[in-house]
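# Residue-level structural notes
Given next are the chains, with one letter for each unit.
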Amino acid sequence: MYTTCAFCNAKLDGDGGPSGLGVGRRIAFDEFKGRLWVICPKCARWNLTPLDDRLERIETVARAAREAKLLAATEQVALLRWQVYDLVRVGKPPRIELAPWRYGERLKARQQERLKYVIPLTVAAVGLGIAANVAAGGSLGVFVWNLHRLGEGLYITVVGNRKVNLAEPPICPSCGTLLELRAKHVQHARVVPDAHADIAVIVSCPRCRQEAAQLTGSDAHAVLRQGLSYLNARRAGRRRAEEAAQVVDHAGGPDRLIRDVARRELTLRSLRPERRLALEMAVDEQAEVQELEHEWRDAEELADIADGTLSSNAEIEEELRRLKGRGGNQPDG
Ligand SMILES: [Zn+2]
Ligand SMILES: [Zn+2]
């Protein structure tokens, strides 16, 4: 087994877990086409594993996947967590059960980022506060509290000013300027229904404030992820993560929640806070799993060529037929 990525040469991390490959922390598999990949931690490309004993390895990975926790899924691709491994199963997923701890992890990361702004100012405040107290006998608590809020405000300003990178920034039809969106501008955006896309969002021009363009696909994801994390930056906590997971779950999964929000066509800032957080989580899930699906399509194309040239092996064909025949509840292809 190779130990470095065939595309970028980076070291493949992990030990392969159930696959027994010796490498890989994120492992993708297609039980029915007999494909097994190690996903590179650096470039995210899919490395097809050698054919020799691949089918056996797939069986053990698939067994682990049946005990794994489903994190997110599209029609074709499911992202599962088993122990410390991410398993990406290609094929039709079972009903989605969302994992609140995953949302908790994301909010924790945000909390840590926020503290980078709050702590230095608060530490400075304590020093200054003592000095001020000695000098004037003023209230130390109030002083520290105000600086703490200043740190929060600073953090939110930084998040709000982050530039949104679009693949193709549109030009405003009203005032003719190129849309240069920052996270804070997205609060006026609306998620809307679109018959041809999983997600669509109408953004307003920061210059003239007219609605300027309808974005779909990865641009819609980029806009919403940044806009919503700005709007949701004020409050965090484990309880909120659970609430958000529940909202997504009750709606019937990330895609359904997004459709639900789209039907109402409200601006992001007028959504209820718990719904807004749920939408952020849902968009994150959808974006991640769609990215995986995209990578899989590329990888599958390569695998087709690689396997096709490596084996027109009757034994493997037979084994594949056996596997296919066994799984009654799986879709074709
Ligand atoms: Zn790589
Ligand atoms: Zn404009």
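First, a word on scope: everything that follows refers to the structure included in this document. (Residues numbered from 1 in each chain as written. Chains lettered and ligands numbered in written order. Predicted model: local features only at pLDDT ≥ 70, side-chain atom pairs only at ≥ 80, totals over all residues. Heavy atoms only, no water.)

## So, the coordination of the zinc ion (ligand 1)
Coordination of the zinc ion (ligand 1) by the protein is provided by Cys5 (SG), Cys8 (SG), Cys40 (SG) and Cys43 (SG), with metal-donor distances spanning 2.3 Å. Around the zinc ion (ligand 1), the four donor atoms are arranged such that angles at the metal cover 106 to 113°; this shape is classified as tetrahedral. Donor residues binding the zinc ion (ligand 1) come from one chain and are separated in sequence as C-x2-C-x31-C-x2-C. Taken together, the residues span a long stretch of sequence, with Cys8 in the segment before strand 1 (26-30) and Cys43 in the loop between strand 2 (35-39) and strand 3 (46-48) at a distance of 35 residues. Here Cys43 falls in the partly exposed class, since its relative accessible area comes to 27%. (Donors = N, O, S within 2.8 Å, 3.2 Å for Na, K, Ca; no water. Tetrahedral: all angles 85-135°; square planar, octahedral: opposite > 155°, others 65-115°. Helix = DSSP H or I, 4+ residues; strand = E, 2+ residues; numbered from the N terminus. Buried < 20%, exposed > 50% of the residue type's maximum accessible area, 1.4 Å probe, protein only.)

## Thoughts on the side chain of Glu300
Relative to the helices and strands, Glu300 is located in helix 7 (residues 273-310). The class for Glu300 is buried, based on a relative accessible area of 7%.

## As for the nonpolar core
Counting 43 residues, the largest nonpolar core has Val191, Val203, Val223, Leu224, Leu257, Leu268 and Leu279 as the members making the most contacts within it. Every element with two or more residues in this core is listed here: helix 3 (140-160), strand 8 (200-204), strand 9 (211-216), helix 4 (217-231), helix 5 (238-251), helix 6 (254-264) and helix 7. Every residue in contact with Leu279, bar those within four places of it in the chain, is listed here: Val191, Leu228, Leu257, Ile258, Val261, Leu268 and Leu271. Ranked by size, the runner-up nonpolar core spans 24 residues in total, among them Ile27, Leu36, Ala73 and Tyr85. (Core = buried A, V, L, I, M, F, W, Y, C linked by side-chain atoms within 4.5 Å. Contact = heavy atoms within 4.5 Å.)

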